[in-house]
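Tertiary structure, described
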Amino acid sequence: MKETPTVLYDVPGPRARRRNVLWTLLFLAALAAVVWWVAASLADQGQLEWSKWAPFFTDARVWETYLLPALKNTVIAAGLAMVIALPMGALLGISRLSEHRSVRGAAGVVVEFFRAIPVLILMLFANAAYAEFTDISPDTRPLYAVVTGLVLYNASVLAEVVRAGILALPAGQTDAAKAIGMRKGQTMTYVLLPQSVTAMLPALVSQLVVIVKDTALGGAMLGFSELLASVRPMSANYGANTIACFTVVAVIFVILNFALTTFASWLEGRLRRGRKSTGAVVGAEAVEDLATPGEHLDKP
């Protein structure tokens, strides 16, 4: 039976299939060699001995003293940054689409400025500013600085995601909203944003994952007690098991981000199914309620 070619590429022939299989086997062999070399090097250094990994399975104090408090701080910092950055990014993104030049220009300056500065510099600057101009306790100041840096940077990035998602919608959506008398704010709230959320969701989730990972910068430079910062005291108290500590912390980060992306995938699927299954029809009275007062549609 003849295979039907696809639109994007031609179906590989017998020689192409053999070549692909060969390249796959070569890649797997190279990957296995690298894994073997890494494992052999760690074994030579004694990093694979059970005594270095046992505390994470047999000693609850590792979790109670180091990992769980650090995980709590990471979740708090990332959660606060997400809760603040998402609405701020949406507001900045919508402002960049404003018809008023002053609003559009101001939002553009804010977005381009904070997006161009590395998030670590924003954290360091915020920490210095809080120390100089506020009475925030030195114990909680790193948390404030980390959240501030994450919010300023990621809100600027999310603003561009929101702006791109709205601009990707067909122009007919806005025209249809204007035709039934919707104001600009109503068009954005009831028509454009709900439709663009599904398209923006993968990019939004990717940026939220970046927020979770970037909390580690606060531990490295500001002394914030997050997951990465827990490696040094754990390694010092449990026989210089640095590799084991880094591995466990990395696994925790993977689980956190996997849970976040899994939830986002579920939410995206639910939104798409909701859009496909909805068959609601807007009645004349609802249209008149959305229309500008005094600008009702003509009735026959």
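Structure: above.
Just so you know, these numbers come straight off a predicted model, no measurement behind them.

The next point concerns the overall build of the protein chain. Looking only at helices and strands, the protein chain features 12 helices and 0 strands. Beginning at the N terminus, the succession of helices and strands in the protein chain can be written as α-α-α-α-α-α-α-α-α-α-α-α. Looking at the protein chain residue by residue over its 300 residues, the buried ones come to 35%. Carbon and sulfur atoms make up 66% of the accessible area of the protein chain, which totals about 18800 Å².

Our next topic: the environment of Gly 46. Summarising the element assignment, Gly 46 is placed in the loop between α1 (14-44) and α2 (50-53). Gly 46 gets classed as buried once you look at its relative accessible area, which sits at 9%.

Take a nonpolar patch on the surface next. Where nonpolar side chains cluster on the molecular surface, the patch consists of Val 21, Leu 25, Phe 27, Leu 28, Leu 31 and Val 35 and spans about 590 Å² of accessible area. With respect to the helices and strands, Val 35 occurs in helix α1.

Now for helix α6 (residues 119-133). Taking 1.5 Å of rise per residue, 15 residues should cover 21 Å, and α6 covers 21 Å from first to last C-alpha, within 8% of that figure. Taken residue by residue, α6 has Val 119, Leu 122, Met 123, Ala 126, Asn 127 and Tyr 130 as its buried positions. The buried side chains of α6 occupy one side of the element, clustering within an arc of 135° when seen end-on. Opposite the buried face of α6, by more than 90 degrees, sit the exposed residues Phe 125 and Glu 132.

Right, let's get into the side chain of Asp 59. Mapped onto the fold, Asp 59 is located in the loop between α3 (55-58) and α4 (60-95). Once you skip the residues sitting within four places of it in the chain, Asp 59 turns out to touch Ala 54 and Tyr 238.

Across all of its chains, the model carries 4 aromatic pairs by this definition. For the ring pair Trp 50 and Phe 57, a centre distance of 5.7 Å and an interplane angle of 20° mean the geometry is stacked. Take Trp 50: its relative accessible area is 55%, and that puts it in the exposed class.

Over its 38 residues, helix α9 (residues 184-221) runs only 45 Å from end to end, short of the ideal 56 Å by more than 12%, given 1.5 Å per residue. Maximal helix bending in α9 amounts to about 55°, located at Met 200; proline Pro 202 follows within four positions.

In this structure, Phe 56, Leu 67 and Met 234 are the most contacted members of the largest nonpolar core, which totals 40 residues. For Phe 56, the residues in contact, after removing those within four places along its chain, are Val 62, Trp 63, Leu 67, Met 234, Asn 241, Ala 244, Cys 245 and Val 248. Ranked by size, the runner-up nonpolar core spans 14 residues in total, among them Ala 155, Leu 169, Ala 177 and Met 182.

So, about the pattern of salt bridges. Here the structure, examined in full by the defined rule, presents 6 salt bridges. A salt bridge links Asp 59 to Arg 61; its shortest N-O distance comes to 3.1 Å. Asp 59 sits in the buried class, given a relative accessible area of 15%. Across the salt bridge formed by Glu 112 and Arg 96, the nearest N and O atoms sit 3.3 Å from each other. Of this pair, Glu 112 sits in helix α5 (residues 101-116) while Arg 96 is found in the loop between α4 and α5, placing the two residues 16 residues apart along the sequence. Given a relative accessible area of 36%, Glu 112 falls into the partly exposed group. Taking relative accessible area as the criterion, Arg 96 reaches 18% and is therefore assigned buried. Through salt bridges with shared partners, one network takes in Arg 96, Glu 112, Arg 115, Glu 160 and Arg 163.

Thresholds applied
- Residues numbered from 1 in each chain as written.
- Predicted model: local features only at pLDDT ≥ 70, side-chain atom pairs only at ≥ 80, totals over all residues.
- Heavy atoms only, no water.
- Helix = DSSP H or I, 4+ residues; strand = E, 2+ residues; numbered from the N terminus.
- Buried < 20%, exposed > 50% of the residue type's maximum accessible area, 1.4 Å probe, protein only.
- Areas by Shrake-Rupley, 256 points an atom, 1.4 Å probe, with all protein chains shown as cover.
- Patch = residues over 30% accessible without salt bridge, like charges linked within 9 Å, V, L, I, M, F, W, Y side chains within 5 Å.
- Salt bridge = Lys/Arg side-chain N within 4 Å of Asp/Glu carboxyl O.
- Expected span 1.5 Å × (residues − 1).
- Arc of directions from axis to C-beta.
- Contact = heavy atoms within 4.5 Å.
- Phe/Tyr/Trp six-rings, centres within 6.5 Å; stacked < 30°, edge-to-face > 60°.
- Bend = angle between axes of the 7 residues up to and from the residue.
- Core = buried A, V, L, I, M, F, W, Y, C linked by side-chain atoms within 4.5 Å.

Functional significance is not addressed by these values, which are geometric in nature.
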